[in-house]
Amino acid sequence: MKSPRTARGRASLADVTSAVLSRTITKEQMKDWFEVDPQASTSFAPAFKLNYRNVDVSGLEKTADAAGHTLAVEAQSAVQKNQHALGAPKGHTYPIIAEGDSWFSHPLNTTVVDVLQAQGYDILNIAKAGDTIENMVGHPTYLGDLARKTVKTFLFSGGGNDILGNLDKVLELYDVAHPNVSDAAWYIRPEFDADLNNVKSYYALLLSQIRRASPDTTLIVHGYAYAQAQAHGIFIGSKFENRGFDLLNAKQNALAQAIIRIMIDRFNTFLKTFAASSNVEYVDFRPIVGKNDWFDELHPNAATAKRMAKLYAPFLATRIAATKPTRRVA
């Protein structure tokens, strides 16, 4: 569906609002009408605003500024619900649930869950960009679906906010006495381990919830990949710069990347051990997401999402064999 246009070539705020409220907005329209809000975004919690190059908000500027992020989130929710409803009969139950953050749900980017759904996997995606593991697991919305005992596979993406979201708190200030990549571990404060332990506790709670509600459901987890800190980057680059790093300096940039690698590796090490539990599988994206495979500092791009989807396929194929896909894209 093409985006409606005003006489001046832009959609009106009324067009955008109507498409969101009627739940008819498409992914293409979202990419046209919204953009990332660099002032409001934080690590693993992207914020969005209306793209005024493509949306005419004349006379309603304050309203548009206040409503932009909420409209984008509601638009993404509408798209996800429309994907679920496509070809599904009334009362349909889904064999796969995806709960997570912006790695599973992003208004402007194609995620691995988008790819899996396009390939015909029957997935209920309840993920939300910027959602925290504390909110997802502490205030679960998936227990009702699990209680039906029809969910075979539970895809989960969570913890990124805790692993890379608190760099201001867990990083030492840049020190000229520790300028080398080999010094990376020196910069990571004990507070990082506290954050990681907090994440571990929520994963334990998530697994206990699934086992109580639906013991036969398999939980599939992942530990992200090596995010790419960029100079003046709105998600993590600015965090390093606030700690005194000059990311335009090649040596300091390499040091920042080495710090990120240690943090992400520690999270993945935990998840690999966590997956030794029964009915838990672990997917490692690090080997297939390279430094040039990113939509922005934190999110793999659409082409990379297709490769990521292949890592899920061995776990999903046998579990949806009895379910006829409602849609499939070659």
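Everything below is about the structure printed above this text.
About the criteria used
Residues numbered from 1 in each chain as written. Predicted model: local features only at pLDDT ≥ 70, side-chain atom pairs only at ≥ 80, totals over all residues. Heavy atoms only, no water. Helix = DSSP H or I, 4+ residues; strand = E, 2+ residues; numbered from the N terminus. Buried < 20%, exposed > 50% of the residue type's maximum accessible area, 1.4 Å probe, protein only. Contact = heavy atoms within 4.5 Å. Areas by Shrake-Rupley, 256 points an atom, 1.4 Å probe, with all protein chains shown as cover. Salt bridge = Lys/Arg side-chain N within 4 Å of Asp/Glu carboxyl O. Phe/Tyr/Trp six-rings, centres within 6.5 Å; stacked < 30°, edge-to-face > 60°. Lys NZ or Arg CZ within 6 Å of the ring centre and 35° of its normal. Core = buried A, V, L, I, M, F, W, Y, C linked by side-chain atoms within 4.5 Å. Expected span 1.5 Å × (residues − 1). Polar contact = N/O pair within 3.5 Å; in protein donor to acceptor, adjacent residues only side chain to side chain. Pairing = 2+ DSSP bridges.

Regarding its fold elements, the chain presents 12 helices and 9 strands. A buried classification covers 52% of the 330 residues belonging to the chain. Long-range pairs, those at least 24 residues apart, make up 74% of the contacts in the chain between residues at least 6 apart in sequence. With the model as given, the accessible surface of the chain reaches about 14400 Å², and the carbon-plus-sulfur share is 54%.

The subject of this paragraph is the pattern of salt bridges. Taken as a whole and judged by the stated rule, the model has 12 salt bridges. Here arginine 53 ties to glutamate 35 by a salt bridge, and the two come within 3.2 Å at their closest N and O atoms. Here arginine 53, found in the loop between strand S3 (48–50) and strand S4 (55–56), pairs with glutamate 35, found in strand S2 (residues 34–36); they are 18 residues apart in sequence, far enough to count as distant. Residue arginine 53 is classed as exposed on the basis of its relative accessible area, which comes to 58%. Residue classification places glutamate 35 among the buried residues on the basis of a relative accessible area of 19%. Through salt bridges with shared partners, a single network forms among Asp265, Asp284 and Arg286.

Looking now at the packing of aromatic side chains. Here the distance between the centres and the angle between the planes together describe a pair of aromatic rings. A complete count under the given rule lists 18 aromatic pairs for this structure. Ring centres 5.6 Å apart and planes at 75° place the aromatic pair tyrosine 203 and phenylalanine 274 in the edge-to-face group. Remark: phenylalanine 274 occurs in helix H11 (residues 250–274) and tyrosine 203 occurs in helix H9 (residues 190–213); sequence separation between them is 71 residues. When sorted by exposure, tyrosine 203 lands in the same class as phenylalanine 274, which is buried. Here phenylalanine 285 and tyrosine 312 contribute two aromatic rings whose centre-to-centre distance is 5.8 Å and whose plane-to-plane angle is 80°, an arrangement assigned as edge-to-face. With phenylalanine 285 in the loop between strand S9 (280–283) and helix H12 (302–317) and tyrosine 312 in helix H12, this pair connects stretches of sequence that are 27 residues apart. Among the residues examined, phenylalanine 285 registers a relative accessible area of 0% and is labelled buried. An aromatic cluster is built from Trp103, Tyr142, Phe154, Phe156, Tyr203, Tyr224, Phe267, Phe270, Phe274, Phe285, Trp294 and Tyr312, whose rings are joined through pairwise contacts. Over the ring of tyrosine 226 we find arginine 261, and its NZ or CZ is 3.9 Å from the ring centre.

A word on the environment of alanine 256. For alanine 256, the position within the fold is in helix H11. For alanine 256, a relative accessible area of 0% corresponds to the buried category. For the pair formed by alanine 256 and glutamine 230, sequence separation is 26 residues and the distance between their alpha carbons is 9.7 Å.

The subject of this paragraph is the nonpolar core. Among the nonpolar cores identified, the biggest contains 78 residues, and Leu155, Tyr203, Leu219, Phe240, Ile259, Met263 and Tyr312 are the most heavily contacted of them. Here the element with the most residues in this core is H11; it accounts for 11 residues. Residue contacts for methionine 263: discarding those within four places in its chain leaves Ile163, Leu164, Leu167, Val170, Leu171, Ile188 and Phe192.

As a further point, take H11. Think of an α-helix as 3.6 residues a turn; residues three or four steps apart then line up on the same face. Helix length check: H11 (25 residues) gives 36 Å between terminal C-alpha atoms against 36 Å at 1.5 Å per residue, within 8%. Backbone nitrogen of lysine 251 and a side-chain oxygen of the N-cap are separated by 2.9 Å at the start of H11; the cap is asparagine 249.

Its place among the elements puts aspartate 114 in helix H4 (residues 112–118). For aspartate 114, the side chain forms a polar contact with the main-chain nitrogen of threonine 111, separated by 2.9 Å.

What follows concerns the pairing of strand S7 (residues 153–157). Summarising burial for S7: 5 of the 5 residues are buried, a large majority. Going residue by residue along S7, you find Thr153, Leu155 and Ser157 tucked away on one face and Phe154 and Phe156 tucked away on the opposite face as well. Pairing of strand S5 (residues 96–100) with S7 involves 5 bridges; the strand directions are parallel. For alanine 98, the partnering residue across the bridge sits in S7 and is leucine 155. Taken together, the 4 bridges between S7 and strand S8 (residues 218–222) define a ladder with parallel strand orientation. Counted as the bridge partner of phenylalanine 154 is leucine 219 from S8.

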